[in-house]
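For reference, the chains in residue letters:
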Amino acid sequence: MSEEQHFILDGRRIPFEDGQTIMEAARAAGVYIPHLCFNPEFAPHGSCRVCLVKVNGRVQASCTLPAAAGQTVLSDIEELREIRRGILQMLFVEGNHVCPACEKSGACQLQAVAYYVGMLAPHYTHFYPRRPVDASHPDVLIDFNRCILCELCVRASRDVDGKNVFAVQGRGISAHLVINTPAGKLGATDFSVEDKAAQVCPTGAILIKHQGYGIPIGQRLYDRKPINVVGDVAQASESQGGRRHD
Amino acid sequence: MTEPRLKVATCSLAGCFGCHMSLLDLDERLFDLAERVDLDRSPLTDVKELGECDVGIIEGGVCNVENVHTLMEFRARCKVLIAMGACALNGGIPAMRNQFVLKDCLEESYLRGIGLVNPQIPNDPEIPLLLNRVHPIHEVVKIDYFLPGCPPSADTIWTFVSQLLSGQPITLPYTQIHYD
């Protein structure tokens, strides 16, 4: 037992295996580190930066940093909560996240993580970007206003579904999600509601049609308990109010 | 010992008065509140002129010139200014018009609407001019406290007001923080 490799996370001893990231080891030990673009079923992306932790004094993304013996990791500290709040606030003002008008509200990971890090208001100046809604597919709607560029749909569609449906185009502030068809419409692709890519979106950017507002307010995924207790939308089943097909 | 009474003003800018309805949902707790608070300008009192106040509570974002003036007056006369509800915090539903050019919005409503008789865009000088975009109020004045929700529930408002009046730091329980 004393031979087991471990690192220290917020004063707690976390064992790890070779090749595991700090995030994976923490998850295996039941410790929640807030995240948006990370999903345990996919190779880490390291883009949202919400999972930042302080490793031996240096701030790094826990989803991409390999665990190593001798690391002293801090996660649940006010300094990082403040950075995470700032990231969440930037994500909120960069898109159009109108929670009262979104059917994913209450079962939205962006919202739940924002609650978790204590975000009360968006603080920054809103961009109010003009982005389209794509309702061309019979079963699935894409609302680009809510996309946070986590690339989970890109990864799921490419790596699991073996399809060529989504991509992120442009750089920096011009980066945006596109559909790989000449007209950029989902309806012209072989995307299916059964695809893995339909079950991973952490926001309301990808919506399954004909099932909105099925769960009443007060009983939705994150209405009563926070995300560190409930878990991610992609891991919760549809009957619980999550995204995973039953 | 009687605690000092606080003067409170409230208003609804580009909102739906839903947050004020939620305030009224305090029900019997309104009696407790009345022990501590005198209402100045508010839709609940119909006082038109804003006096010097301890606390100002703003519902709604700013969508027109009058909203901006009212908001700046509240900031100037209230020691503590509170943004209440989604519209005040991020523009909310009214800000969904930011997806469109203002001219298109006006034409859609007043020129192309179904069943219009003598269609024209209203331009009476008494009607406040609309801003090109709807903005949350923190983009115009400094805000001291934010109270999210569409609307914030009466319980949320009560927790907030109780803590504010007793001088405690504001800490809302998980179930009382929501953006919808």
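Thresholds applied
Residues numbered from 1 in each chain as written. Chains lettered and ligands numbered in written order. Predicted model: local features only at pLDDT ≥ 70, side-chain atom pairs only at ≥ 80, totals over all residues. Heavy atoms only, no water. Pairing = 2+ DSSP bridges. Helix = DSSP H or I, 4+ residues; strand = E, 2+ residues; numbered from the N terminus. Axes fitted to C-alpha atoms, helices over the stretch in contact; angles between N-to-C directions. Contact = heavy atoms within 4.5 Å. Buried < 20%, exposed > 50% of the residue type's maximum accessible area, 1.4 Å probe, protein only. Domains from an automatic or database assignment. Buried area = accessible area lost by both parts, 1.4 Å probe. Salt bridge = Lys/Arg side-chain N within 4 Å of Asp/Glu carboxyl O. Polar contact = N/O pair within 3.5 Å; in protein donor to acceptor, adjacent residues only side chain to side chain. Nonpolar A, V, L, I, M, F, W, Y, C, P; charged D, E, K, R; others polar.

Draft legend 1. Structural view of the sheet that holds strand S2 (residues 37-39) of chain B. All names here are of chain B. Across the sheet, five strands lie side by side as S2-S1-S3-S5-S7; this open sheet has parallel pairing. Only two strands of the sheet have a single neighbouring strand rather than two, namely S2 and strand S7 (145-147). Mean inter-strand twist for the sheet, computed between neighbouring axes without regard to direction, equals 25°. One ladder, built from five bridges, connects strand S1 (residues 6-12) with strand S3 (residues 53-59); its direction is parallel. Bridged to alanine 9 within S3 is glycine 56. On top of the sheet, helix H2 (residues 29-36) reaches S1 and S2; it is set at about 90° to S2, its chief contact. Running over the sheet, helix H6 (residues 154-165) touches S1, S2, S3, strand S5 (78-84) and S7 and is turned about 160° from S7.

Draft legend 2. Representation of the pairing of S5 of chain B. Residues and elements named next belong to chain B. Counting buried residues in S5 gives five out of seven residues, a clear majority hidden from the surface. Pairing analysis gives six bridges linking S3 to S5, with the strands arranged parallel. Note on S5: the bridge partner recorded for glycine 56 is leucine 81. By the bridge criterion, three bridges tie S5 to S7 in an arrangement that is parallel. Among the inter-strand pairings, methionine 84 is bridged to a residue of S7, identified as leucine 147.

Draft legend 3. Structural view of the sheet that holds strand S6 (residues 133-134) of chain A. Residues and elements named next belong to chain A. In space, the three strands of this open sheet follow the order S6-S7-S10, with antiparallel pairing throughout. Both outer strands of the open sheet, S6 and strand S10 (206-208), are each paired with one neighbouring strand and no more. As judged from the three bridges shared by strand S7 (residues 140-143) and S10, these two strands associate in the antiparallel manner. Following the sheet pairing, valine 140 is matched in S10 by isoleucine 208.

Draft legend 4. Region of interest: unusual backbone geometry. Here the residue pair cysteine 150 of chain B and proline 151 of chain B is connected by a cis peptide bond, since its omega of -10° sits within 30 degrees of zero. Looking at the element boundaries, proline 151 of chain B is found in the loop between S7 and H6. Of note in this structure, aspartate 10 of chain A is not a glycine but carries a positive phi near 50°. On the secondary structure map, aspartate 10 of chain A appears in the loop between strand S1 (6-9) and strand S2 (12-15). Phi is positive for asparagine 56 of chain A, close to 45°, though the residue is something other than glycine. With respect to the secondary-structure elements, asparagine 56 of chain A resides in the loop between strand S3 (52-55) and strand S4 (58-61).

Draft legend 5. Main features of the domain arrangement of chain A. Residues and elements named next belong to chain A. Assigned domains of chain A: these are domain 1 (6-76) and domain 2 (101-239). Taking only C-alpha atoms, the centre of domain 1 and the centre of domain 2 are 24 Å apart. With 16 residues of domain 1 in contact, the opposing surface of domain 2 contributes 20 residues. Surface buried jointly by domain 1 and domain 2 totals about 1,500 Å² across both partners, of which 59% is contributed by carbon and sulfur atoms. Considering only the surface of domain 1 that becomes buried against domain 2, Tyr32, Leu36 and Phe42 emerge as the three largest contributors, covering 47% of it. Glutamate 41 serves as the salt-bridge partner of lysine 196, at 2.9 Å between the closest nitrogen and oxygen. Linking domain 1 to domain 2 there are eight residue pairs in polar contact (both at pLDDT 80 or more). Split by residue class, the side of domain 1 that touches domain 2 holds 10 nonpolar, four polar and two charged.

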